[in-house]
Amino acid sequence: MTSTRPFEPKNGFVKWFDRQLPLFSVMHGALVAYPTPKNLNYWWSFGSLAGLMLGVQIITGIILAMHYTPHTAMAFASVEHIMRDVNYGWLLRYVHANGASFFFIVVYIHIFRGLYYGSYKAPRELLWMLGLVIYLLMMATAFMGYVLPWGQMSFWGATVITNLFGAIPFVGEDIRTLLWGGFSVDNPTLNRFFSLHYLLPFVIAGVAILHIWALHIPGSNNPLGIDVKGPQDQIDFHPYHTAKDAFMVSLLLLIFFAVVCFAPNYMGHPDNYIQADPLVTPPHIVPEWYYLPFYAILRSIPDKLMGVVAMFAAILILFALPWLDKSKVRSGTFRPIFKQFFWVLVIDVIALGFVGANPPEGAWLIIGRVATAYYFFHFLILLPVLSRVEKTRPLPESISQAVLAKHA
Amino acid sequence: MSTTDSTSEHHGEGVKRRDFLFIAAGGFGAVGAATVVWPLVDNLNPSADVLALSSIEVDISKVQVGQSIRVKWRGKPVFIRHRTDEEVAKAKAVDIKELKDPQTDADRTKPGHEAWLVMVGVCTHLGCIPLGEQGEFGGWFCPCHGSEYDTSGRIRKGPAPLNLEVPEYAFLNDTRVRIG
Amino acid sequence: MTKKNILAGMALVVGLVIPSLAFAANEGEEPKHPKQGWPHEKIIGAHYDRAAAQRGFQIYKEVCHACHSLNLIAFRQLEGIGFSEPEIKAIAASFTVMGEPNMETGDVEERPGKPFDYIPSTFANPEAAAASNNGAVPPDLSLMVKAREGGASYIYSILTGYREPTAEDLKHVSGGKIPDGAHFNPYKTGHVIAMPPPLAEGIVTYTEGQPAASVEQMAYDVSTFLAWAAEPKLEQRKHMGFLIVAFLLITSGLLFWSYKRISKQVLGH
C-alpha cells in the first residue's frame, strides 16, 4: 500500500534522524498516512482497543511486579499488601485483574468481527494466523497470571490445567513433572509462572507488531469485503480514524473504570480470596470466564485424552479456517445463509461458556455435548459445504459507490 | 587409463574426506548445541531439595476401623484408610472384567494388611482431591468432574482414566508405614 | 438486517435466561439473606458505618479473636474505621505480641503491641488452632467477606441463622442428622457448621450511648467491621469511580462530537 501522503518532515532533527533510521517515516506510514477503506464501521476500532489493553496490562504489570513476591508462603499476603498498603496499589491491581478480562472482551469482539466479515480470507491468511498466535499467547499469559495471587482458584486452576499435559501418551507424566518442577503445583511452579508471565506480554507485543505489519501490506478488510479499487475508496488513518478510535477508547475506558471502581470482583471468584491449600479442593473449580467455552469442550468428552485433544483442536481449527471456508465472497453481509449460521455460532460459543461455568451433570452435560458437536460441525462441515453451495448476493461495484448510495 | 583412474580416485577420496570433515564438524556442533540445551531444560525438573522430601513414615496405630487419615507426601495428600470388613468384601466381590483399569483388591493392598488402603488422594482425571465415603460405589467421589471410585479406590464412573495411585509403601510393623 | 437482529436477540435471551435458570436451581439450597442494603454497598456515597465498625471490632476482639485470626490487619489500619491515634495505641497495647530478639541475650520476649504490629493470632500455628477446635482450623477472617458469595450479608446470616433444625431442615442435611459437635445453619453450604453459635445476648457490653447489644445488632456490627477489614479502600475506590465516570462521560461526548465533525470534513457525511 503506497501512502497517499508522503512523509516530509520540517524539523531538522527529525530529518537527520529519519535519514539514518526511518523510524518516523514508518510511524507516519502506520499511524498517519495509512490508507484505509472509507467504509470501516465501529467494529474496526477493536484492533486499536486491543493494543490499548495490552499497553495497560504491561504498564500496570511491571509496577505490580515491583511489589509482588513470587513465593508460596508470601504471594497471597503480598497481593493483599498491594491492596492495603501500597499507594494506589488497589487501583493498579484491580485495573490489571479486570484489564485481563477486558483485553479478552475486546479481542473476542475483534475475532468475531473477523469471522463475520471474512477477514481471514486471502490475501490476509497470515494476518489471521498471527492474530491467533497472539490469542494463544494471551491464554497462556492470563493463565499464569491467575496463578500468581496464590488463592484457592489459582492453585486448583493451575493443577487442573497442568494435569491436562499428563494426558499426552508416554511422555505426559514427565512433561507434567517438568512443568511443575516437583510432584505437584508448588513453589517452583509459582516461580517459573511468574517469570513467564512477565516475559510473554513482550512476546505478544512483538507478534502484534508483525500482525500490524501483515495488516499494512494488503490493507484493512472492510464491511463490504470487496477490494479497494483506488484512492476514491480510501481515507488516511489520520485524522479520521484517530478521532474515531479516540472516541472508542474513551468509551471503553468508561465501561472499564465503571467495573474497576464499582464491581472489581464481579468477574473474579470468591474462592480466590482464600489462600491456596493443596489439601482442600474447592467444591467447584471454574476457570476464568474467557476459558469457559474451551473448558466446556474438554469436559463434554468422557475420555481424558480425547477431551484434551478436542479442546486444543477447537482453537487450532481456526488456523485452518482460511482453507475451510473457500467462498470468494468475504463479507457475511452478502452471504445470507452464512450470516445466520454465524449467529448460531455466537450463541453456541456463549452456551458453551455457560456449560463451562456449571457442574458437568444433567442438562448441562447434554447441552455441552450438543454445543461441542455443533462447534466442530460449523467449522469442519458447514463452512466447506456452504462455501460451495451458497448463492451469494451481488456485490457492489466499489466501496465509494456503496458509500455514496448509502448517503444519497 | 590408469592415470585417469588414479586421478578420479584421488578426486573421489578428496570428496569423501571433505564430506567426513563437514559431517564431523556438523556432528560436533550438534552435540555441543544439545549439551547447551539440556541444562536449560533439565533445570526445570525437581531440584535436590524437592527430591529429598520424597519419603515419609506414618504412625497408623490410632486409626480405627472405618476411619481414614490424610498425610502430606510430595505436596500431595495420601489417604490411609482402615476399611471395614464390609468395604473389603465389597471391593473383593467386584468382577475385574468390568473395570476400566482392571486391578484386583489384592493388587492394591499388602498381604496381611488387607484392611489398609494406602493411596495418593489425587483424582487421576485432573488432580483434584476426591471426597471419602461418597458416591454410588461407597468409595470416593471427585467434586471437580464427577469421577467415582469404589472402596478399593478403583475408577468406576466418570472421566478419570485410572485407579487412584497406590504409592510405593511398606509396613515397617503393624502400626508404622513408610511411604516412598 | 432484521434476521440479524432476531438472532442477536436470541443470543441475548440465551445469555440472560440460562444464568437465571441456573440461579433458580440454586435457590432451593440456601435461603435468601435477611439483611441487605449495607451502606458500603451503595454506588454513590458508599461508606462504612464507622460506629458499627468500631463496635464490630470490639466484638471481634472479645469474641471471635479467641479462635479466628485477622492476619492482614495491623493496629495502625484501624484509623480507617475512625479510631484516633491514642485509641489505636491503647488497643495495640492491650494485645501481647512476640517482640524482636533482645540485643544482649538474643532471647525473643513478649511485649505489648504497637500500632505497626499486626493483630496477633491466638494460636502459634494452624496445627495448634486445629488441635483446639476438633481438628478444623477456624479460618482467618481478614478476607472472609470477599471470600464468600453474599459478602457482609452472608456473615450476618451465618451469625443470626442458628436454630434447632426441623424434620424438613434435616432432609437437606447429608446423612439426615447433624454430626456430634456440629450445628445446623441454613446459610452454610450443606447446612452443617462446626462453629457453635458465637453471639448471645450479653456476651459483650457496649459503652454508654451505643445501641443495645442484641444478637442482630452485634451481627450487623461485626459484619460491618469484617467488610471493612476485607476491603479497606472501598470508600476511596467508589468515590474515585464516580469522578472517573463523570470525567469520561464528558470526554466521550466531546470526542464523539469531534469525530463527527472530522467525518463531515473528510468524508462529507
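Above this text sits the structure in question.
Not measured: the values here are computed from a predicted model.

Asker: How should the sheet that holds strand E7 (residues 148-150) of chain B be read in this particular structure?
Answerer: Strand pairing within a sheet occurs via backbone hydrogen bonds; the two strands may be parallel or antiparallel. Residues and elements named next belong to chain B. Pairing in this open sheet of four strands is antiparallel, and the strands run E5-E6-E7-E8 from one edge to the other. The open sheet is flanked by strand E5 (131-132) and strand E8 (155-157), the only strands paired with a single partner. Pairing geometry for strand E6 (residues 138-141) and E7, over three bridges, is antiparallel. Pairing of Gly138 across the sheet is with Asp150, part of E7.

Asker: Got a minute to help me understand unusual backbone geometry in this structure?
Answerer: Negative phi values dominate among residues other than glycine, just as trans dominates among peptide bonds. Residues and elements named next belong to chain A. Each neighbour pair has its own omega, and for Ala122 with Pro123 the value is 5°, a cis peptide bond. With respect to the helices and strands, the residue Pro123 is situated in the loop between helix H5 (89-117) and helix H6 (125-147). The residue after His238, namely Pro239, is reached through a cis peptide bond having omega 5°. Structurally, Pro239 can be placed in helix H10 (residues 237-262).

Asker: What am I meant to see in the interface of chain C and chain A here?
Answerer: Where interface size is quoted, it is often the accessible area lost as the parts come together. At the junction of the two partners, chain C supplies 50 residues and chain A supplies 44 residues. Around 4,200 Å² of area is buried between chain C and chain A when both sides are counted, 74% of it from carbon and sulfur atoms. Of all residues in chain C, Lys146, Arg237 and Tyr259 of chain C give up the largest surface area on contact with chain A, accounting jointly for 15% of the area buried on that side. Scanning the region where chain C abuts chain A turns up one salt bridge. Inspection of the chain C/chain A interface yields 11 residue pairs in polar contact (both at pLDDT 80 or more). Elements represented by at least two residues in the side of chain C that touches chain A include exactly helix H1 (2-27), helix H7 (215-230) and helix H8 (234-267) of chain C. Sort the elements by how many residues they give to the side of chain C that touches chain A and H8 of chain C lands first, with 20 residues. Counted by class, the side of chain C that touches chain A contains 30 nonpolar, nine polar and 11 charged residues.

Asker: How should I be thinking about the packing of aromatic side chains in this particular structure?
Answerer: Geometrically, a pair of aromatic rings is defined through the distance of the ring centres and the angle of the planes. Taken as a whole and judged by the stated rule, the model has 46 aromatic pairs over all chains. Consider the rings of Phe17 of chain A and Phe24 of chain A, whose centres lie 5.5 Å apart with planes at 80°: the pair is edge-to-face. In this structure an aromatic cluster arises from ring pairing among Phe104, Tyr108, Tyr135, Trp289, Tyr290, Tyr291 and Phe294 of chain A. The residue whose ring lies beneath Arg113 of chain A is Trp44 of chain A, and the NZ or CZ to ring-centre distance is 4.3 Å. Positioned above the aromatic ring of Tyr206 of chain C, the side-chain terminus of Arg55 of chain C is 5.7 Å from the ring centre.

Asker: Hey, could you run me through the interface of chain B and chain A in this one?
Answerer: On the chain A side, the residues contacting the 25 residues of chain B number 25 residues. With both sides pooled, the region where chain B packs onto chain A buries about 2,100 Å², and carbon together with sulfur makes up 65% of that total. A per-residue breakdown of the area chain B buries against chain A is headed by Leu44, Leu126 and His145 of chain B, which together make up 26% of the total. At the boundary of chain B with chain A, the tally comes to zero salt bridges.

Asker: What is the right way to read the arrangement of the chains from this model?
Answerer: Where the two pairs of chains in contact are concerned, the greatest contact count is recorded for chains A and C. Where chain B comes nearest to chain C, the C-alpha atoms are still 10 Å apart, and the two do not contact one another.

Reading the values: rules and limits
- Residues numbered from 1 in each chain as written.
- Chains lettered and ligands numbered in written order.
- Predicted model: local features only at pLDDT ≥ 70, side-chain atom pairs only at ≥ 80, totals over all residues.
- Heavy atoms only, no water.
- Pairing = 2+ DSSP bridges.
- Helix = DSSP H or I, 4+ residues; strand = E, 2+ residues; numbered from the N terminus.
- Contact = heavy atoms within 4.5 Å.
- Buried area = accessible area lost by both parts, 1.4 Å probe.
- Salt bridge = Lys/Arg side-chain N within 4 Å of Asp/Glu carboxyl O.
- Polar contact = N/O pair within 3.5 Å; in protein donor to acceptor, adjacent residues only side chain to side chain.
- Nonpolar A, V, L, I, M, F, W, Y, C, P; charged D, E, K, R; others polar.
- Phe/Tyr/Trp six-rings, centres within 6.5 Å; stacked < 30°, edge-to-face > 60°.
- Lys NZ or Arg CZ within 6 Å of the ring centre and 35° of its normal.

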